[in-house]
Amino acid sequence: MPNLPIKRHVALQPLSRDHHHGLLFCWKIRSGVKRGIDISRMEAHAIWFWNTHLDPHFMEEEELVFPILGKENELIQQALAEHAELKKMFSKEDMDYEFLNELQVALEKHIRFEERILFNEIQEVASPEQLAMVDQHNATIQEELEWEDDYWNWKS
């Protein structure tokens, strides 16, 4: 039986779209490493991605979504530990190819965990009021910005 797409509650869909952008970021870093792109270009992209996308995304999850299960929940503890580790990784100075590869592997693993396990559990236990609060916050989210240096593009 083929893997069916996960039915995500409308309130969590913007966070899932963020996860898609995170997976694209991982692919771009993998592509850049494979092509031997100058480290400074990928490091600048990583810093930008953290500041404009990932840090606000983590804050939204931690403030609005994770409380649905509570701090004592094992899945929330895992997600918070991974957030802390990724924050530390994104703040590293002097990245190299090996580190960038480790970074994208860690981020992809985290995103897969949240999408396949954590968000499914949250959807199961969240009250309509809790989901409405998350959805109400989504209405204030700004438009996504794109990184201008497309180093991952084979034609660049």
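Report follows, based on the coordinates. (Residues numbered from 1 in each chain as written. Predicted model: local features only at pLDDT ≥ 70, side-chain atom pairs only at ≥ 80, totals over all residues. Heavy atoms only, no water.)

1. Quick notes on the packing of aromatic side chains
So, point 1. Under the defined criterion, the tally for this structure stands at six aromatic pairs.
So, point 2. On the numbers, 4.4 Å between centres and 10° between planes, the contact of Phe 25 with Phe 49 is stacked. With Phe 25 in helix H1 (residues 13-35) and Phe 49 in helix H2 (residues 39-65), this residue pair connects regions lying 24 residues apart in the sequence. For the pair Phe 25 and Phe 49, one class covers both residues: buried.
So, point 3. One aromatic cluster in this structure is built from Phe 25, Phe 49, Trp 50, Phe 58 and Phe 90. (Phe/Tyr/Trp six-rings, centres within 6.5 Å; stacked < 30°, edge-to-face > 60°. Helix = DSSP H or I, 4+ residues; strand = E, 2+ residues; numbered from the N terminus. Buried < 20%, exposed > 50% of the residue type's maximum accessible area, 1.4 Å probe, protein only.)

2. Points about the pattern of salt bridges
So, point 1. Throughout the structure, instances matching the rule amount to four salt bridges.
So, point 2. For Arg 112, the salt bridge goes to Glu 108, with nearest N and O atoms at 3.4 Å. Residue Arg 112 and its partner Glu 108 are located together in helix H4 (residues 97-125), separated by four residues, close to a single helical turn.
So, point 3. When salt bridges that share partners are traced, they join Arg 30, Glu 108 and Arg 112 into one network. (Salt bridge = Lys/Arg side-chain N within 4 Å of Asp/Glu carboxyl O.)

3. Examining the packing of H1 against H2
So, point 1. Where H1 contacts H2, the axes come no closer than 11 Å and their chain directions differ by 155°. By the angle between their directions, the pair H1 and H2 is classed as roughly antiparallel. Note that H1 runs across H2; the crossing there is left-handed. Of the residues in H2, those in contact with Leu 15, Asp 18, His 19, His 21, Gly 22, Phe 25, Lys 28, Ile 29, Gly 32 and Val 33 of H1 are Met 42, His 45, Ala 46, Phe 49, His 57, Glu 60, Glu 61 and Val 65. (Axes fitted to C-alpha atoms, helices over the stretch in contact; angles between N-to-C directions. Parallel < 35°, antiparallel > 145°, perpendicular 65-115°, else oblique. Left-handed = near helix turned anticlockwise from the far one by under 90°. Contact = heavy atoms within 4.5 Å.)

4. Considerations on the nonpolar core
So, point 1. Of all hydrophobic cores here, the largest spans 23 residues; its most connected members are Phe 90, Leu 103 and Leu 107.
So, point 2. Listed by contribution, the elements that provide at least two residues to this core are H1, H2, helix H3 (74-90) and H4.
So, point 3. The element contributing the most residues to this core is H2, with eight residues.
So, point 4. In this structure Leu 107 touches Gly 22, Phe 25, Cys 26, Phe 49, Leu 54, Leu 86 and Phe 90, once residues within four positions along its chain are discounted. (Core = buried A, V, L, I, M, F, W, Y, C linked by side-chain atoms within 4.5 Å.)

5. Considering H3
So, point 1. Between its first and last C-alpha, H3 extends 24 Å over 17 residues, near the 24 Å set by a 1.5 Å rise per residue.
So, point 2. The complete set of buried residues in H3 reads Ile 76, Ala 79, Glu 82, His 83, Leu 86, Met 89 and Phe 90. One side of H3 holds all its buried residues, which, seen down the axis, span an arc of 145°. The exposed set on the far side of H3, more than 90 degrees from its buried face, consists of Glu 74 and Lys 88.
So, point 3. Lining the buried residues of H3 we find H1, H2 and H4. (Expected span 1.5 Å × (residues − 1). Arc of directions from axis to C-beta.)

6. Notes on H4
So, point 1. In a regular helix each residue adds 1.5 Å, so 29 residues correspond to 42 Å; H4 covers 41 Å between its end C-alpha atoms and thus fits that length.
So, point 2. Helix geometry: H4 is bent most strongly at Glu 114, by close to 40°.
So, point 3. In this structure Asp 96 caps H4, since a side-chain oxygen of it lies 3.3 Å from the backbone nitrogen of Glu 98. (Bend = angle between axes of the 7 residues up to and from the residue. Polar contact = N/O pair within 3.5 Å; in protein donor to acceptor, adjacent residues only side chain to side chain.)

7. Remarks on the packing of H2 against H3
So, point 1. Orientation of H2 relative to H3, taken along the N-to-C sense of each, is 160°, at an axis distance of 11 Å. Relative to H3, H2 is oriented roughly antiparallel. Where H2 crosses over H3, the handedness of that crossing is left-handed. Facing H2, whose interface residues are Ala 46, Phe 49, Trp 50, Leu 54, Phe 58, Glu 61 and Glu 62, H3 presents Leu 80, His 83, Leu 86, Lys 87 and Phe 90.

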